Amino acid sequence: MEAGLAPRDARVIRGGPSSVLMPGLISAHTHLALGHLSHLAQDRPFLDWILHGIVPALATSAADPSSFERGAEQSLDALIAGGVTAVGENFLRDEGATALRRRGQSGAYFHEIFGSTAPDLDAYWESLQPELDRLPTSRADFQVGYSPHTPWTCPPEVFRRVVTRARREGRRLSYHLAESPAEDAFFRRREGPLRDLLARRDYLDRYPSGISPVALVESLGGLGPDVAVAHAIHLDESDIERLARTRTSVVHCPTSNLRLAEGIAPVLPLLEAGVNVALGVDSAASTGRLDLFDEMRLALLLGRGRERRVGLLTAPTIVAMATIHGARALGLEGQLGTLEPGKRADLLLLEFDPARFSSAPTSADLVIQDGGRDRVSEVWVAGVPVRGGHGR
Ligand SMILES: [Zn+2]
């Protein structure tokens, strides 16, 4: 690592005899600005949570916009304490991205776009243009892209325009896909609570039916190596083939998916098909507690339990999902995700129990089994200590 630093900038990192130095963790799908809503998902399934939890909470918070700033700071404090140094932020406001940049952290901001409640989609799209025009351009270590929120909250007519605009400007895309049973039932079979909701709004004719959500977004141009889709739970074999063929990244958010009773993503089949699968903590409003170590352990255990085999689901794969796969999902693999000369010094030092350390087969096994906030000794963002002994 020191080979990549100019001699005058080089620092010696001292760890104990049972410490592990690794790249900073990457949460590739997060909503930082919702950090103040950590009890919102208590006992609510997905559609109830979004309609009767998130929507009113956003309206209340918008009356006091500083609540989003506080939420973003709370989220980032929790993430840094757990060794997360880069984040893919998704929101309709930029408090999370601003907080990330203020702390010198890298990652991405995907500006969320909706439309499902707009009576006139052409007028909605026109009204959006000034705010899209004002978004900053991407930098080498910070991407700014678009998030057509989901295939149902961002109807196909708007979704297609977002994709076209993103490609014209060279911006990346990230959005929620195949997340809830309601979304799956609506698009594949035109039934379930989402059908009832959209029928009440008299907007059913905005959406195709008899198609998987993944096939729909592919038909809108929404898959590709510049795209990261969050969740991807309800997939059939042809959906997995589409994601693999288009080299679309998937961000697995297991705690959020379990808490909202959405299901378990087919992580092992995705990995076997060659899909880049990253990890995300999602928001405090769905997950409750932002901890990528939790997500790593769950990804390994749930993935094995779902398929009843181990296959590629070993500790080194899971650590890669939390680091270099996250960097790839955000288009930042040249800067983040591995300890290599020339990359940003986003680093994490973990201290383990000496007996556990000496008996672990690999350091990745130790990270998965024993890793957690209580093991985080030091965190550096771009070489600057932000937590731990040097930062105190
Ligand atoms: Zn999300």
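Higher on the page you've got the structure.
Everything in this summary refers to the structure shown in the same document. (Residues numbered from 1 in each chain as written. Predicted model: local features only at pLDDT ≥ 70, side-chain atom pairs only at ≥ 80, totals over all residues. Heavy atoms only, no water.)

## Side note on helix α2 (residues 66–81)
In step 1: Taking 1.5 Å as the rise per residue, α2 with 16 residues should run 22 Å; its terminal C-alpha atoms sit 23 Å apart, in good agreement.
In step 2: Along α2, the residues classified as buried are Ser67, Phe68, Gly71, Ala72, Ser75, Leu76, Leu79, Ile80 and Ala81.
In step 3: Where α2 terminates, the next one or two residues include Gly83, which has phi positive at roughly 80 degrees. (Helix = DSSP H or I, 4+ residues; strand = E, 2+ residues; numbered from the N terminus. Expected span 1.5 Å × (residues − 1). Buried < 20%, exposed > 50% of the residue type's maximum accessible area, 1.4 Å probe, protein only.)

## Re the side chain of Ser27
In step 1: Inspection of the secondary structure puts Ser27 in strand β2 (residues 25–30).
In step 2: When neighbours within four sequence positions are excluded, Ser27 is seen to be in contact with Val84, Ala86, Val87, Gly88, Leu279, Gly280, Val281 and Leu292. (Contact = heavy atoms within 4.5 Å.)

## A look at the coordination of the zinc ion
When four donors bind a metal tetrahedrally, each ideal donor-metal-donor angle is 109.5 degrees, and when six bind octahedrally, the ideal angles are 90 or 180 degrees.
In step 1: Every protein donor of the zinc ion is accounted for by His29 (NE2), His31 (NE2), His176 (NE2) and Asp282 (OD), and the metal-donor separations fall at 2.1 to 2.6 Å.
In step 2: Around the zinc ion sit 4 donor atoms; with metal-centred angles ranging over 86 to 171 degrees, the donor geometry is irregular.
In step 3: Of note, the zinc ion draws all its donor residues from one chain, in the sequence arrangement H-x1-H-x144-H-x105-D. Separated by 253 residues along the polypeptide, His29 in strand β2 and Asp282 in the loop between β9 (277–279) and α12 (284–287) bring together distant segments of the chain. Across this residue pair, the class does not change: His29 and Asp282 are buried. (Donors = N, O, S within 2.8 Å, 3.2 Å for Na, K, Ca; no water. Tetrahedral: all angles 85-135°; square planar, octahedral: opposite > 155°, others 65-115°.)

## Focus: the pattern of salt bridges
In step 1: Summed over all chains, the structure comprises 29 salt bridges.
In step 2: Between Glu157 and Arg161 there is a salt bridge, with the nearest N and O atoms lying 3.1 Å from each other. Taken together, the positions of Glu157 and Arg161, both in helix α5 (residues 156–169) and 4 residues apart, correspond to about one turn of that helix.
In step 3: Looking at Glu157, the relative accessible area reads 43%, which means it is partly exposed.
In step 4: With a relative accessible area of 24%, Arg161 lands in the partly exposed category.
In step 5: Between Asp370 and Arg356 there is a salt bridge, with the nearest N and O atoms lying 2.6 Å from each other. Of this pair, Asp370 sits in helix α17 (residues 363–370) while Arg356 sits in helix α16 (residues 354–359), placing them 14 residues apart in sequence.
In step 6: Sharing partners across several salt bridges, the network here consists of Glu73, Asp77, Arg102 and Arg103. (Salt bridge = Lys/Arg side-chain N within 4 Å of Asp/Glu carboxyl O.)

## Brief notes about empty space enclosed by the protein
In step 1: A full pass over the atoms with the stated rule returns 1 cavity of 30 Å³ or more.
In step 2: Empty space within the largest cavity amounts to approximately 50 Å³.
In step 3: Lining the largest cavity are Pro23, Gly24, Ile26, Thr85, Gln335, Leu336, Gly337, Thr338, Arg344 and Asp346.
In step 4: Tallied by class, residues from the lining of the largest cavity come to 3 nonpolar, 5 polar and 2 charged. (1 Å grid on protein atoms, 1.4 Å probe; cavity = no way out; pocket = protein on both sides within 12 Å on 5 of 7 lines; lining within 4 Å. Points joined across faces, edges and corners; volume = space filled by probe spheres on them. Nonpolar A, V, L, I, M, F, W, Y, C, P; charged D, E, K, R; others polar.)

## Notes on the pairing of strand β10 (residues 347–351)
In step 1: A large share of β10 lies buried, amounting to 4 of its 5 residues.
In step 2: Two elements, β10 and strand β11 (residues 376–381), share 4 bridges in a ladder whose sense is antiparallel. For Leu349, the partnering residue across the bridge sits in β11 and is Glu378. (Pairing = 2+ DSSP bridges.)

## A word on the environment of Arg93
In step 1: Relative to the helices and strands, Arg93 resides in the loop between β3 (84–91) and α3 (95–102).
In step 2: Separated by 231 residues in sequence, Arg93 and Ile324 have C-alpha atoms that sit 27 Å apart.
In step 3: Not counting residues within four places of it along the chain, the set of residues in contact with Arg93 comprises Pro65, Phe68 and Tyr109.
In step 4: In this structure the side chain of Arg93 is engaged in a polar contact, spanning 2.7 Å, whose partner is the side chain of Glu95. (Polar contact = N/O pair within 3.5 Å; in protein donor to acceptor, adjacent residues only side chain to side chain.)

## Considering the packing of α2 against α3
In step 1: Packing of α2 against α3 brings their axes to within 9 Å, and their N-to-C directions diverge by 50 degrees. The angle between α2 and α3 places the two elements in the oblique class. Crossing of α2 over α3 shows right-handed handedness. Taking contact as the criterion, the partners of Phe68, Glu69, Ala72, Glu73 and Leu76 in α2 are, on α3, Glu95, Gly96, Ala99, Leu100 and Arg102.
In step 2: Split by residue class, the contact of α2 with α3 holds 5 nonpolar, 1 polar and 4 charged. (Axes fitted to C-alpha atoms, helices over the stretch in contact; angles between N-to-C directions. Parallel < 35°, antiparallel > 145°, perpendicular 65-115°, else oblique. Left-handed = near helix turned anticlockwise from the far one by under 90°.)

## Here we look at the pairing of strand β7 (residues 227–231)
In step 1: Of all 5 residues in β7, 5 are buried; the element is thus mostly enclosed.
In step 2: Pairing of strand β6 (residues 173–177) with β7, which is carried by 5 bridges, proceeds in the parallel orientation. Pairing of His176 across the sheet is with Ala230, part of β7.
In step 3: Note: β7 against strand β8 (residues 249–252), 3 bridges, orientation parallel. Residue pairing in the sheet places Val229 in a bridge with Val250 of β8.
In step 4: Handedness of the crossover joining β7 and β8 through helix α9 (residues 237–245) is recorded here as right-handed. (Right-handed = clockwise from strand over helix to strand, strands pointing away.)

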